[in-house]
Amino acid sequence: MILLDGKKTSAELKQEIAADVEQLKKEGKKVPHLAAILVGEDGASQTYVNAKVKACKLVGFESTLIRLPAETTEEKLLNEIAILNIDNDIDGFIVQLPLPKHIDEQKVLMAVDPDKDVDGFHPANVGKMALNLPTFISATPFGILELLDRYDIETSGKNVVVIGRSHIVGSPMSILLAQKRKRGNATVTITHSRTKNLKEITQKADIIIAALGIAEFLTADMVKEGVTVIDVGITRIDDASKKSGYRLVGDVAFDEVAEKAAYITPVPGGVGPMTIAMLLKNTLLARSRR
Ligand code: GUN
């Protein structure tokens, strides 16, 4: 079994991005500037946004974090977005999800200038992605493609099963892997909560992308020998033996599935770090396009 090391791979990617930033500086050009809006106090969201800001510093990007209280109105948030849209110094920005219930998420995502939408969540960018046109590919599916690429895992003609149909991961992942592209050309099956006989389907998979958000859902009896498993899940499980009081587990029962897998991502240290690196890559792309 070979571990798909997202931590190591993302560190390599960040080094490459940092070298590109150095080159921009040498040429007297502006370095990329990423902004993030965080609404409310959600613990996981704060952790993710802080990690994104830290990654910006590491590669030499400028970053701006805009923290807004949980009771922020939709109007106020839309106003902040409008300001970032016209701020010439900002190359790209993200609105961290989930948003508080009183805010219409779709309305917010549609307010972001598609040219600054480094999350790739605007319908215009989702449409371009689906048509295989140049755009910002969302960080998580983009990171998975990059991980498959760096480990030279063949996808062409392979049976890929995606578990989960979220807008952020399952749906774009299934589209991208089926496209005529590097790390595409797969025969993709997308499965979800209404899928019947899931086990029969996953047992035939050469590659499984588990992105349903249920801890340790994919078990050894559901996979064949030699499978490649990409685990997108990340759930906090209470664990009194840990200093933090919790441990992180994925959607895959790692220990037992690892025994049958040819390649598998760990949690943490697999897909998670890759998403941050790809957000940086999209921000660099946004800078170069402007
Ligand atoms: N929440 C979970 N994943 C993401 C992501 O990729 N981007 C943003 N903005 N919020 C998220």
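Draft legend 1. Highlighting the pattern of salt bridges. Evaluated as defined, the whole model comprises 15 salt bridges. The salt bridge partner of Asp91 is Lys30, with a shortest N-O separation of 2.9 Å. Of this pair, Asp91 sits in the loop between α3 (74-86) and β4 (92-95) while Lys30 sits in the loop between α1 (6-26) and β2 (33-39); the two residues are 61 residues apart in sequence, bridging distant segments of the chain. On the accessibility criterion, Asp91 (0% relative accessible area) is buried. For the salt bridge of Glu80 with Lys76, the shortest nitrogen-to-oxygen distance reads 2.9 Å.

Draft legend 2. Expanded view of a negative patch on the surface. Taken together, the side chains of Glu216, Asp255, Glu256 and Glu259 make up a negatively charged region of the molecular surface. Turning to its location among the elements, Glu256 is positioned in helix α9 (residues 254-258).

Draft legend 3. Structural view of the side chain of Asn85. Looking at the secondary structure, you find Asn85 in helix α3. By relative accessible area, which is 19% here, Asn85 ends up buried. If sequence neighbours within four positions are ignored, Asn85 has contacts with Phe93, Ala111, Val112, Asp113 and Lys116.

Draft legend 4. Here's a closer look at the sheet that holds strand β3 (residues 62-68). Taken in spatial order, the three strands line up as β3-β2-β4 in an open sheet, and their pairing is parallel. Each of the sheet's edge strands pairs with one partner strand only, and the pair in question is β3 and β4. Here the average twist between neighbouring strands, direction ignored, is 15 degrees. Bridge analysis of β2 against β4 gives four bridges, and the strand direction is parallel.

Draft legend 5. View of the site of the ligand. Near the ligand you find Lys52, Val95, Gln96, Leu97, Asp119 and Phe121, and these make up its full shell. At 3.0 Å, a backbone N or O of Leu97 approaches a nitrogen atom of the ligand. With respect to the ligand, the side chain of Asp119 contributes an N or O atom lying 2.6 Å from a nitrogen atom. Look at the ligand: alone it shows 280 Å² of surface, and the protein chains cover 80% of it. Classifying every residue of the shell around the ligand gives three nonpolar, one polar and two charged.

Draft legend 6. Inspection of the packing of aromatic side chains at higher detail. By the definition in use, this model includes zero aromatic pairs. The ring of Phe136 has Arg289 lying over it, and the distance from NZ or CZ to the ring centre is 4.8 Å.

So, how was this worked out
Residues numbered from 1 in each chain as written. Predicted model: local features only at pLDDT ≥ 70, side-chain atom pairs only at ≥ 80, totals over all residues. Heavy atoms only, no water. Salt bridge = Lys/Arg side-chain N within 4 Å of Asp/Glu carboxyl O. Helix = DSSP H or I, 4+ residues; strand = E, 2+ residues; numbered from the N terminus. Buried < 20%, exposed > 50% of the residue type's maximum accessible area, 1.4 Å probe, protein only. Patch = residues over 30% accessible without salt bridge, like charges linked within 9 Å, V, L, I, M, F, W, Y side chains within 5 Å. Areas by Shrake-Rupley, 256 points an atom, 1.4 Å probe, with all protein chains shown as cover. Lys, Arg positive; Asp, Glu negative; His and termini not counted. Charge placed at Lys NZ, Arg CZ, Asp CG, Glu CD. Contact = heavy atoms within 4.5 Å. Pairing = 2+ DSSP bridges. Axes fitted to C-alpha atoms, helices over the stretch in contact; angles between N-to-C directions. Near = heavy atom within 4 Å. Polar contact = N/O pair within 3.5 Å; in protein donor to acceptor, adjacent residues only side chain to side chain. Nonpolar A, V, L, I, M, F, W, Y, C, P; charged D, E, K, R; others polar. Phe/Tyr/Trp six-rings, centres within 6.5 Å; stacked < 30°, edge-to-face > 60°. Lys NZ or Arg CZ within 6 Å of the ring centre and 35° of its normal.

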